[in-house]
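Here's the letter readout for the chains.
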Amino acid sequence: RLAETWYGPGAADGWRTIPLLRGQVAHDADPAAARAAARARLGLGADDYVVSSFGMLGSTKLNQRLLDAYLASPLAADPRCRLVFVGANDPGPYGIELLRAISERGAGARIDITGFVTAEAYQDWLAASDCGVQLRTQTRGETSASVLDCLMHGLPSIVNAHGGAADLPPDALCMLPDLFEDSELTAALAELHANPARRAALAQAGRAHIAHHHAPGAVGA
């Protein structure tokens, strides 16, 4: 699609796409134990419901809109729910405004920006979270590594149909329109929180998609 957009009809003939490689999660043999251990390292309670967004924060990641949608959802009033931005905050006005917005809301004590994390801590947050939210705007269409990481870890995820995310199977994640309304994101957050069976189905479908389309053996072939 990008080739034909920029170079005209037929420009994609003969091209091959190589899926972004994603291997097997080390703790697949006992994900429940890995989740408990990760939560212990991160200081999370066994009954906490954790919504995480992964990657450096910034205007193209729509972090402010996630914050607004979360605060408008039933999760904001539940003391067991937490929203965590796992990554370095934007150092400019966008990040400053995001911190101000968090501090001014009553649920701010359960909303965190971790700052840059180690690879080990990144894996812990993927293992410990209950829902991932990976939003994008104004990108060049590239594949999001963090979305694939969520699927690989069986983390039920909400994305918008922007760039490469639009090609992911709809049964493997909760797909919002590219240009979504905040109310749609709020509804998706509430629905996943209230529906463990839906989360389990998305987790299974996400792992299967990675195994079939992004595993090194499949990509190599």
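The following refers to the structure shown.

What counts, and where the lines are drawn
- Residues numbered from 1 in each chain as written.
- Predicted model: local features only at pLDDT ≥ 70, side-chain atom pairs only at ≥ 80, totals over all residues.
- Heavy atoms only, no water.
- Helix = DSSP H or I, 4+ residues; strand = E, 2+ residues; numbered from the N terminus.
- Rg over C-alpha atoms; globule rule 2.2 N^0.38 Å.
- Buried < 20%, exposed > 50% of the residue type's maximum accessible area, 1.4 Å probe, protein only.
- Areas by Shrake-Rupley, 256 points an atom, 1.4 Å probe, with all protein chains shown as cover.
- Lys, Arg positive; Asp, Glu negative; His and termini not counted.
- Charge placed at Lys NZ, Arg CZ, Asp CG, Glu CD.
- Pairing = 2+ DSSP bridges.
- Axes fitted to C-alpha atoms, helices over the stretch in contact; angles between N-to-C directions.
- Contact = heavy atoms within 4.5 Å.
- Parallel < 35°, antiparallel > 145°, perpendicular 65-115°, else oblique.
- 1 Å grid on protein atoms, 1.4 Å probe; cavity = no way out; pocket = protein on both sides within 12 Å on 5 of 7 lines; lining within 4 Å.
- Points joined across faces, edges and corners; volume = space filled by probe spheres on them.
- Nonpolar A, V, L, I, M, F, W, Y, C, P; charged D, E, K, R; others polar.
- Core = buried A, V, L, I, M, F, W, Y, C linked by side-chain atoms within 4.5 Å.

Glancing now at the overall build of the chain. In terms of helices and strands, the chain carries nine helices and six strands. Over its C-alpha trace the chain gives a radius of gyration of 18 Å, about what one expects of a compact globule, namely 17 Å for 221 residues. Judged by the C-alpha coordinates and their principal axes, the chain covers about 55 × 40 × 30 Å. Residues counted as buried form 46% of the 221 residues belonging to the chain. Accessible area of the chain: about 11200 Å², with a carbon and sulfur share of 57%. If you average the places of the 18 positive and of the 24 negative side-chain charges in the chain, the two averages end up 2 Å apart.

This paragraph deals with the sheet that holds strand 5 (residues 157-160). Taken in spatial order, the six strands line up as 3-2-1-4-5-6 in an open sheet, and their pairing is parallel. The sheet is open, and its two borders are formed by strand 3 (111-113) and strand 6 (174-176), each paired with just one other strand. Strand-to-strand twist in this sheet, taken as the mean axis angle between neighbours without regard to direction, amounts to 20 degrees. Relative to strand 4 (residues 131-134), strand 1 (residues 49-54) runs parallel, the two sharing two bridges. Across the sheet, residue S52 finds its bridge partner in strand 4, namely G132. Strands strand 1 and strand 2 (81-86) of the sheet are contacted by helix 5 (residues 119-128), whose axis makes an angle of about 135 degrees with strand 1.

Okay, the packing of helix 3 (residues 63-71) against helix 4 (residues 93-104) next. Contact geometry for helix 3 and helix 4: axes closest at 10 Å, N-to-C directions at 10 degrees. Looking at the two axes, helix 3 sits roughly parallel to helix 4. Within the contact between the two elements, helix 3 uses N63, Q64 and L67 and helix 4 uses Y94, E97, L98, A101 and I102.

This part is about the packing of helix 7 (residues 182-194) against helix 8 (residues 196-213). In contact at an axis separation of 5 Å, helix 7 and helix 8 are set at 95 degrees when each is read in the N-to-C sense. By the angle class used here, helix 7 and helix 8 are roughly perpendicular. Only P196, R198, R199 and L202 of helix 8 make contact with helix 7, whose side of the interface consists of E191, L192, H193 and A194.

This paragraph deals with the layout of surface pockets. Looking at the largest pocket, its volume works out to about 750 Å³. Looking at the largest pocket, it is lined by 24 residues, and the ones nearest its centre are T17, G141, T143, G164 and D167. Among the elements of the structure, helix 1 (2-7), helix 6 (145-152) and helix 8 are those that each provide at least two residues to the lining of the largest pocket. Class assignment of the residues belonging to the lining of the largest pocket gives a composition of 12 nonpolar, nine polar and three charged. Approximately 310 Å³ is the volume attributed to the second largest pocket. Taken together, 17 residues make up the lining of the second largest pocket; nearest its centre are R35, S129, G154, P156 and R207. Where the lining of the second largest pocket is concerned, the elements lending two or more residues are helix 2 (31-42), helix 5 and helix 8. Its residues placed into classes, the lining of the second largest pocket shows nine nonpolar, four polar and four charged.

A word on the nonpolar core. Membership of the largest hydrophobic core comes to 31 residues, with the highest contact counts inside it found for Y70, I158 and L185. Elements with a contribution of two residues or more to this core: strand 1, helix 3, strand 2, helix 4, strand 4, strand 6 and helix 7. For this core, the leading source of residues is helix 3, giving five residues. Leave out the neighbours within four places in its chain, and L185 touches R65, L66, A69, V133, L135, I158, L176 and F180. Listed in part, the 15 residues of the second largest apolar core include F54, V84, W125 and L155.

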